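Here's the letter readout for the chains.
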Amino acid sequence: MSVKSVTHLNFRGDARAALEFYQAVFGGALAAVTYKDAGSVQDPAEADQVMWGQVVADNGFHVMAYDVPSRTPWERGENSFFVSLRGETTEEVTAYWEKLSAGATIAQPLAPAQWAPLYGMLTDRFGVVWVVDVVSEYNG
């Protein structure tokens, strides 16, 4: 038996655009079910919003997302979570960084760090904070 942790991102009306962006960055398959598809429309203005969505790629990337309905309290969080993206090579990590950084605010440029061959932090154009690094053995 095993357990898998998948980051679940909550949006208000931007879930499909965010999932499409992450698919463009990481590849993989995008699946999305709207409130209308699920027969769960409570506000007609939200019928085509994402009730459940995900991107799953063969390279191991997996993220889920949905649009929080207007009847449910929600505010775009500020540093409420990070998504940690760890790769095995500098080439792999740099390629993802370059794509994720489109329209992003860079908090820490991708560069060598004391604890990793490369490390960087950014907030993407959807307000999601990413910490990106190359896996290294920690001896501390």
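Computed from a predicted model, the values in this text were never measured in an experiment.

A. Up close: the sheet that holds strand S4 (residues 62–67). Taken in spatial order, the 4 strands make up an open sheet running S1-S4-S3-S2, and their pairing is mixed. Each edge of the open sheet is held by one strand with a lone partner, namely strand S1 (7–11) and strand S2 (29–34). Here the average twist between neighbouring strands, direction ignored, is 15°. Pairing analysis gives 6 bridges linking S2 to strand S3 (residues 50–56), with the strands arranged antiparallel. The partner of Thr34 across the bridge, within S3, is Val50.

B. Layout of the side chain of Glu46. Within the secondary structure, Glu46 is located in the loop between S2 and S3. Arg71 provides the closest opposite charge to the buried, salt-bridge-free Glu46, at an N-O distance of 4.8 Å. Those residues in contact with Glu46, other than ones at most four positions away along the chain, are Tyr35, Pro69 and Ser70.

C. Spotlight on empty space enclosed by the protein. Applying the stated criterion across every chain yields a total of 1 cavity of 30 Å³ or more. Quantified by volume, the largest cavity comes out at close to 30 Å³. As for the largest cavity, its lining consists of Tyr35, Ser40, Val41, Gln42, Asp43, Glu46, Ala47 and Arg71. Across the lining of the largest cavity, the residue classes tally to 3 nonpolar, 2 polar and 3 charged.

The rules behind each value
Residues numbered from 1 in each chain as written. Predicted model: local features only at pLDDT ≥ 70, side-chain atom pairs only at ≥ 80, totals over all residues. Heavy atoms only, no water. Pairing = 2+ DSSP bridges. Helix = DSSP H or I, 4+ residues; strand = E, 2+ residues; numbered from the N terminus. Axes fitted to C-alpha atoms, helices over the stretch in contact; angles between N-to-C directions. Buried < 20%, exposed > 50% of the residue type's maximum accessible area, 1.4 Å probe, protein only. Lys, Arg positive; Asp, Glu negative; His and termini not counted. Salt bridge = Lys/Arg side-chain N within 4 Å of Asp/Glu carboxyl O. Contact = heavy atoms within 4.5 Å. 1 Å grid on protein atoms, 1.4 Å probe; cavity = no way out; pocket = protein on both sides within 12 Å on 5 of 7 lines; lining within 4 Å. Points joined across faces, edges and corners; volume = space filled by probe spheres on them. Nonpolar A, V, L, I, M, F, W, Y, C, P; charged D, E, K, R; others polar.

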